[in-house]
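Each chain, written out:
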Amino acid sequence: LKQKAQKLIMFVAHTQYPVVKHAGKIGFHFKLTRDPEIEWDLCWQDGYVEPEQVRRMKPYQKINHFPGMYELARKDYLGRNLTKMRKELPDLYNFFPQTWMLPAEWLDFSSQLNGKKTFILKPEASCQGRGIFLTKRIDDICLLYTSDAADEGLGVDLGGR
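Residues numbered from 1 in each chain as written. Predicted model: local features only at pLDDT ≥ 70, side-chain atom pairs only at ≥ 80, totals over all residues. Heavy atoms only, no water.

## With respect to the pattern of salt bridges
The condition that has to hold: The term salt bridge refers to a pairing of a side-chain nitrogen on Lys or Arg with a carboxyl oxygen on Asp or Glu at a separation within 4 Å. Working definition: helices are DSSP H or I runs of at least four residues, strands are E runs of at least two. Numbering for both runs from the N terminus. With a 1.4 Å probe rolled over the protein chains alone, any residue whose accessible area is under 20% of its type maximum counts as buried; one over 50% counts as exposed, and the rest are partly exposed.
Applying the stated criterion to the full structure yields 3 salt bridges. In this structure, the salt-bridge partner of Glu-52 is Arg-55, at a minimum N-O distance of 3.1 Å. Of this pair, Glu-52 and Arg-55 both sit in helix α2 (residues 51-56), 3 residues apart, which is roughly one turn of that helix. The exposed category is assigned to Arg-55, whose relative accessible area is 60%. Here Arg-74 makes a salt bridge to Asp-76, at a shortest N to O gap of 2.6 Å.

Below is the structure:
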């Protein structure tokens, strides 16, 4: 006798996106759960994953994030890390364009704006293309600081005028 295949379980307590749950349930036929006591096959969460959570996972369990992934996934962290590697190993890390972290590297960046080159400006922690724009002119760039960020030299928002 053939045994009926057991449905895989998707843990969705830490996602706010209905499309993720819909894809799991309708597209992939997962059984969805929000109960942390149920052993799941796939965990989908929107944010940071604690290293301890990964250590407790069984070999068959999968998760959509991993500890430290923001070092690769956030544009500002990725740019900073690649630039560090380029300084250490310039022949191996010559595959990405020159990158500046604003406002800290504003003087160097602004000296490159000559009206001929086109630059891509990306907000540090946005996603899905929000806030990205192209420019050749310094006049198109507006730096907005919050009072706390200005005190610390952090938290720049980039937007076009």
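So much for the structure itself; the text now carries on.
## Quick look at the confidence of the model for the protein chain
Our working rule: Residue-level confidence of the predictor, termed pLDDT, takes values from 0 up to 100. The contact criterion used throughout is that any non-hydrogen atoms of two residues lie within 4.5 Å.
This prediction gives the protein chain a mean pLDDT of 82; 84% of its residues lie at or above 70. When mean pLDDT is compared element by element in the protein chain, strand β2 (residues 31-33) scores highest at 97, while strand β8 (residues 157-160) scores lowest at 38. Here residues 143-161 is modelled with pLDDT under 50, and outside its nearest four sequence neighbours on either side it reaches 34 contacts, counting other chains as well.

## Considerations on the nonpolar core
Our working definition: Take the buried Ala, Val, Leu, Ile, Met, Phe, Trp, Tyr and Cys residues and link them wherever side-chain atoms come within 4.5 Å; each set so joined is a nonpolar core.
Of all hydrophobic cores here, the largest spans 8 residues; its members are Trp-100, Leu-102, Phe-109, Leu-113, Phe-119, Leu-121, Phe-133 and Ile-141. With sequence-adjacent residues up to four places away left out, Phe-119 is seen in contact with Trp-100, Phe-109, Gln-112, Leu-113, Phe-133, Leu-134 and Thr-135. The next biggest cluster of nonpolar side chains, apart from the first, holds 7 residues, and it includes Ile-9, Trp-40, Val-49 and Ile-63.

## What to know about the packing of aromatic side chains
The criterion, for reference: Put simply, two rings from Phe, Tyr or Trp (the six-membered ring, in Trp's case) pair if the centres are within 6.5 Å, and we call them stacked under 30 degrees between planes, edge-to-face over 60, tilted for the rest. Lysine and arginine charges are scored as sitting over a ring when NZ or CZ, respectively, is within 6 Å of the ring centre and within 35 degrees of the ring normal.
Under the defined criterion, the tally for this structure stands at 6 aromatic pairs. The interplanar angle of 65 degrees and the centroid separation of 5.6 Å between the aromatic rings of Phe-95 and Phe-96 together place this pair among those described as edge-to-face. Residue Phe-95 is classed as exposed on the basis of its relative accessible area of 55%. Its relative accessible area of 11% is what places Phe-96 among the buried residues. Residue placement shows Arg-86 over the ring face of Phe-96; its charged tip is 3.8 Å from the ring centre.

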